[in-house]
Amino acid sequence: MLIIRRLYRNMLFISGAAVLIAIAKVVALHQVTPELLVISGLSMCLGMFPIYLPKGVVWGASVICYIFVLDTQGLAAACVPLLCSTFTEFLRHYKLQIHQIKWYRFMVTLGMFFYSLGGAWIVAREVSFLPTFFDILLTISAFEIINLAILMGIQRSLGVKVTLVDSLRMFNLIPLLATSSTLTMVIDFANKTLVIGLVAVLFACFVMLSRQFLQAVNSQEQAERQYQLIAHYTTDLIVVVGTDNTISYASPSHEQVFQCDTSWVIGKSIGSITNDPFKIFQAINRIRQEGTHERLELTLNINGKQLPVETEFSPVLNDHGEVYDIILASRDITERLRQQEYLVHSEKLAVIGQLAAGVAHEIRNPLTAVKGFVQVLKRDFESYSQSSYDIVWSELTRIEEITSELLLLAKPQKAQYKIVDLVPVVRHCVTLLEGQAHKRNVYFDLAFQGSIYSKCNENQIRQVFVNILKNAVESMDNGGVVNISGRLVDDQIVIVIRDQGVGIPEELKTNLGDPFYTTKEKGTGLGLMVVYNILKEHQGNIEIHSEVGVGTEVTIILPSAQQPGDNGVIQMQSATMVL
């Protein structure tokens, strides 16, 4: 098959040499007339400025010159303007760089045109009895059809998949009709000089108009490509709403965000994809009446996924200044809302911290005195009621614990940080709570992958683990196991504490960490707040996942540090300290 393809192209190459032989014959027989030279020059001009037609078709108007000479002087003479225009077209294609011209392609192209011209010459002889217009129309049509057929063969020989239908789509009857009309005027009218001048002017205008048409098409295609590029790669969710409030366009970003095809969105009412259709319809009605821009915060609900967005409403006006479409550009504000919530929570922590410091100091002083006198009066209590003394003493101890936790909420002074192996810290906290845990039939299961180091304040981090583990133990009324695991993930330490307790209801999760909020009967509501505050100071984080009846999983994330070296140098990711 490859050999046949090469033979096909080589046959055309040899046929291209026939054009040169025909020209040599014309020169040898002194048939090069001034008219032939003028027409050949005109063919070069037309070859340099082709006519651009719809569907990307480029039509060489120099075919007019071939057909005119073919009709008036014969096949051999027609090869002269054919060679001139083909050479000019190659010059234009290679931007006037003669040394870059592929001469094999040039000869193959000449051969293709020679066969087309030969076929047109045969048709011209057979239809010479017809009126000039139809004679020329059939001749030039034969030239174009044969040319397209041979071109399809060349493309296939090069491995390009092209069908006959694809080739026929390039056939355009309009320039053929224009060419036939023009040549009819030139051939049939007596004053050929005047007609040729008028035709030249008309073709010049036609060429300029076609080039303007090409520029307009290219500008439109470029604008469409840029728009498609923006629409395809933007993360903003863009929809166009028509006059009936249905969505006529949805950007491809919907597929990435909501994992659904845009066809799922297009055609739906704009109110059906939001949680507040009344709010969005009100905004659209105002825009249609006033033609103004609006910005709203909405929640989109598409394909079962809800997303908070900030939406910009922009009206599209027609020639009469009336709103006929509205463009909605929505941007995900999940992270912004999270930052706002974090800011409010931080401000709340700061206020509570200041309040806690004052309250704790005010309570601690009289509390010390009360505890002292209660210890002095211990014997009197025991003689009266030992249980009463135990109750008073336990409640005073509880008040003291509350004041200690309140002091931790106060804005801390700059703590002394050092690189600590967290595994012994966790083990120490487990040892502290084992007695209380065993009373509840609760046991601890530790799983650490070697040592894990973090630059931290050891006492504060110990308080974090004590509070979390204590909550886990107290949530397991029926006993069970508290699983504790730790590992390094990139440059972070991830410690997971998982219990088998009662779990936390969904509606209560949002309030976790709020001051004085607790789910325990005797809880203070300060333990988790202390944890949040300490982890914030350590540039860490905490994540809580819980399921009622299954248990709670608390993930503590802290920055990691490298193990201290033997030479006394502590190597950290951000700095190096010499001890």
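Rules used throughout
Residues numbered from 1 in each chain as written. Predicted model: local features only at pLDDT ≥ 70, side-chain atom pairs only at ≥ 80, totals over all residues. Heavy atoms only, no water. Axes fitted to C-alpha atoms, helices over the stretch in contact; angles between N-to-C directions. Helix = DSSP H or I, 4+ residues; strand = E, 2+ residues; numbered from the N terminus. Parallel < 35°, antiparallel > 145°, perpendicular 65-115°, else oblique. Left-handed = near helix turned anticlockwise from the far one by under 90°. Contact = heavy atoms within 4.5 Å. Nonpolar A, V, L, I, M, F, W, Y, C, P; charged D, E, K, R; others polar. Salt bridge = Lys/Arg side-chain N within 4 Å of Asp/Glu carboxyl O. Buried < 20%, exposed > 50% of the residue type's maximum accessible area, 1.4 Å probe, protein only. Patch = residues over 30% accessible without salt bridge, like charges linked within 9 Å, V, L, I, M, F, W, Y side chains within 5 Å. Areas by Shrake-Rupley, 256 points an atom, 1.4 Å probe, with all protein chains shown as cover. Pairing = 2+ DSSP bridges.

Participant: Describe the packing of helix α3 (residues 63-72) against helix α6 (residues 132-157), naming the residues involved and giving the relevant values.
Facilitator: Running from N to C, α3 and α6 point in directions that differ by 125°, and their axes come no closer than 11 Å. For the element pair α3 / α6, the angle class is oblique. Relative to α6, α3 is oriented so that their crossing is right-handed. The segment α3 lies against α6, with V63, Y66, I67, L70 and D71 engaging D135, I136, T139, I140, F143 and E144. Across the contact of α3 with α6, the residue classes tally to seven nonpolar, one polar and three charged.

Participant: Could you give me a rundown of the pattern of salt bridges, with the residues and numbers involved?
Facilitator: Using the criterion set out here, one finds nine salt bridges in the structure. Between E310 and R336 there is a salt bridge whose closest N-O contact spans 3.5 Å. With E310 in strand β6 (residues 305-317) and R336 in helix α12 (residues 334-376), this pair connects stretches of sequence that are 26 residues apart. Judged by relative accessible area, E310 falls into the partly exposed class, the value being 23%. In this structure R336 comes out as partly exposed when scored by relative accessible area, which is 33%. In this structure, the salt-bridge partner of R440 is D477, at a minimum N-O distance of 3.2 Å. With R440 in the loop between α15 (422-439) and β9 (442-448) and D477 in the loop between α16 (458-474) and β11 (480-489), the pair connects residues that are 37 residues apart, well separated along the chain.

Participant: Talk me through a nonpolar patch on the surface; I want residue IDs and the actual numbers.
Facilitator: Residues L355, V359, I363 and I399 make up a contiguous nonpolar surface patch of about 290 Å² in total accessible area. Here the element with the most residues in the nonpolar patch is α12; it accounts for three residues. Along the chain, L355 turns up in helix α12.

Participant: Which residues make up helix α18 (residues 527-537), and what values do they have?
Facilitator: With eight of its 11 residues buried, α18 lies for the most part within the structure. When we look at burial in α18, the residues that qualify are G527, L528, M529, V530, V531, N533, I534 and L535. Taken from the residues just after α18, Q539 is the one with a positive phi, measuring 55°.

Participant: Break down the sheet that holds β11 for me, with residues and values.
Facilitator: What holds strands together in a sheet is hydrogen bonding between their backbones, with the strands either parallel or antiparallel. One open sheet accounts for five strands, arranged β9-β11-β12-β14-β13; its pairing is mixed. The outermost strands of the open sheet, each flanked by one partner alone, are β9 and β13 (541-547). Strand-to-strand, the axes of this sheet are offset by a mean angle of 15°, without reference to chain direction. Pairing geometry for β13 and strand β14 (residues 551-559), over seven bridges, is antiparallel. Residue pairing across strands places E547 opposite G551, the latter belonging to β14.

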